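# Fold and contact review
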Amino acid sequence: MKDYQMEEILHVLPVRLRVSAEQELRGNRQIQEIRLRCGKPVKLLENGRERMMQGSTVLTAGDMQETMEFVSRFSMYAYEEEIRQGFLTIRGGHRVGIAGKAVLSQGQIRTIRNISFIHIRIACQYRDCALGLLPYLYENGRLRSTLIFSAPGQGKTTLMRDLIRLVSDGNAFGLPETVAVVDERGELAACDQGVPQNDLGAQTDVLDGCPKTLGMRLMLRSMAPSVLAVDEIAEGSDVDAVFKAAGCGCVLLATAHGESMDRLLEKEGFRRLKQARVFDRYIQLENEGAPGKWSHIYNGEGGKLL
């Protein structure tokens, strides 16, 4: 882990844990997640396996409250919507998931209180991890619409981030493209005060924190991109928005949850996308020790290319 990434993580951890955490994190690029659970020691996910952080003691309710104060920059009210959704994104694009006591109103989650479980997913920019994918995504110099899918934690966002950069800057298979990114969760660009902290290329425009269903329409109308990129599309309104974007003639790059092609197509919305040939390529990931490693590449009809 690079020093600036480590500092971003350390700044949201309880002060009493920072020395131990720094010893674990410095220079270690294998740590993917940090889990804080009230009444338990800190756990680290390293190379797909969870272990206890060295020097960690049992976390208290005070530790969890302190962490949330740092995560929300001492303004929980300002992050009310993010807390309601169960996650926040901190500087650097690191995603902080939370769980505790859900407060309901008319069957909907209004907020989460007594936060006792915090999951920090460390964002890392692996440059050129998508380079080997490019020959399969271009035809006659034109990028094909692509959906990247996998189970959670396999590196979809990592691969997407690098693919956006390579498409925006241009590469051996295609000229530079104007890319519009709808970054609802802030994990792709990691914007701070509206400025991307991750390198998404010279010709990329970013809409940060906007729901995909609204953001795709806005970016198509306002930024006139040749490529539209979104992270983690789901059933329902997301799929409907993808259909509308595809009708505008824009190349689409997207990610979604799905352990396999068969499991992905069990969802009605994704069956509709496949039947309409909205995507020309489907990339299935399997984490074999490094994020963003693909195991299968399919064409728009579902036939294997690799």
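Everything numeric here is computed off the predicted structure, so don't read it as measured data. (Residues numbered from 1 in each chain as written. Predicted model: local features only at pLDDT ≥ 70, side-chain atom pairs only at ≥ 80, totals over all residues. Heavy atoms only, no water.)

## Concerning the pattern of salt bridges
One side chain can pair with another of opposite charge once the charged atoms of both are near each other. The final tally for this structure, using the stated rule, is 21 salt bridges. Glutamate 50 is the partner of arginine 37 in a salt bridge, and the nearest nitrogen-oxygen pair spans 3.4 Å. Of this pair, arginine 37 sits in strand S1 (residues 31-37) while glutamate 50 sits in strand S3 (residues 49-52); the two residues are 13 residues apart in sequence, bridging distant segments of the chain. What makes arginine 37 partly exposed here is its relative accessible area of 25%. For glutamate 50, a relative accessible area of 40% translates into the label partly exposed. The salt bridge involving aspartate 128 is made with arginine 165; its shortest N-O contact spans 2.9 Å. You can see aspartate 128 sitting in the loop between strand S6 (108-121) and helix H5 (134-137) and its partner arginine 165 sitting in helix H6 (residues 156-169), a full 37 residues away along the chain. (Salt bridge = Lys/Arg side-chain N within 4 Å of Asp/Glu carboxyl O. Helix = DSSP H or I, 4+ residues; strand = E, 2+ residues; numbered from the N terminus. Buried < 20%, exposed > 50% of the residue type's maximum accessible area, 1.4 Å probe, protein only.)

## Concerning the nonpolar core
Residues Ile34, Leu36, Val42, Ile98, Ile118 and Ile120 are the most contacted members of the largest nonpolar core, which totals 31 residues. Broken down by secondary-structure element, the contributors of at least two residues to this core are helix H1 (3-10), helix H2 (18-25), S1, helix H3 (61-71), strand S5 (95-105) and S6. Not counting residues within four places of it along the chain, the set of residues in contact with isoleucine 120 comprises Ile9, Val12, Leu13, Gln32, Glu33, Ile34, Leu36, Arg95 and Val96. Formed by 29 residues, the second largest nonpolar core is a distinct cluster that contains Val239, Val242, Ala245 and Cys250. (Core = buried A, V, L, I, M, F, W, Y, C linked by side-chain atoms within 4.5 Å. Contact = heavy atoms within 4.5 Å.)

## Description of the pairing of strand S15 (residues 251-257)
Burial analysis of S15 places six of its seven residues in the buried class, the great majority of the element. In the sheet, strand S9 (residues 146-150) pairs with S15 via five bridges, with the strands oriented parallel. Of the residues in S15, the one forming a bridge with phenylalanine 149 is alanine 256. Bridge count between strand S14 (residues 227-230) and S15: four bridges; the pairing is parallel. What sits directly across from valine 227, in S15, is valine 251. Taking the sense of rotation as the criterion, the β-α-β connection linking S14, helix H8 (residues 237-246) and S15 turns out right-handed. (Pairing = 2+ DSSP bridges. Right-handed = clockwise from strand over helix to strand, strands pointing away.)

## Focus: the packing of aromatic side chains
Tallied over the full model, the rule gives three aromatic pairs. Where phenylalanine 70 meets phenylalanine 74, the ring centres are 5.7 Å apart and the plane angle is 85°; that geometry is what we call edge-to-face. Judged by relative accessible area, which is 60%, phenylalanine 74 ranks as exposed. The interplanar angle of 65° and the centroid separation of 6.1 Å between the aromatic rings of phenylalanine 279 and tyrosine 282 together place this pair among those described as edge-to-face. (Phe/Tyr/Trp six-rings, centres within 6.5 Å; stacked < 30°, edge-to-face > 60°.)

## Some thoughts on the sheet that holds strand S2 (residues 43-46)
Taken in spatial order, the six strands line up as S3-S2-S1-S6-S5-S4 in an open sheet, and their pairing is antiparallel. Across the chains shown, the open sheet's two edge strands, defined by having one partner strand only, are S3 and strand S4 (87-89). In this sheet, adjacent strand axes meet at a mean angle of 35° when their direction is disregarded. Pairing of S1 with S6, which is carried by five bridges, proceeds in the antiparallel orientation. (Axes fitted to C-alpha atoms, helices over the stretch in contact; angles between N-to-C directions.)

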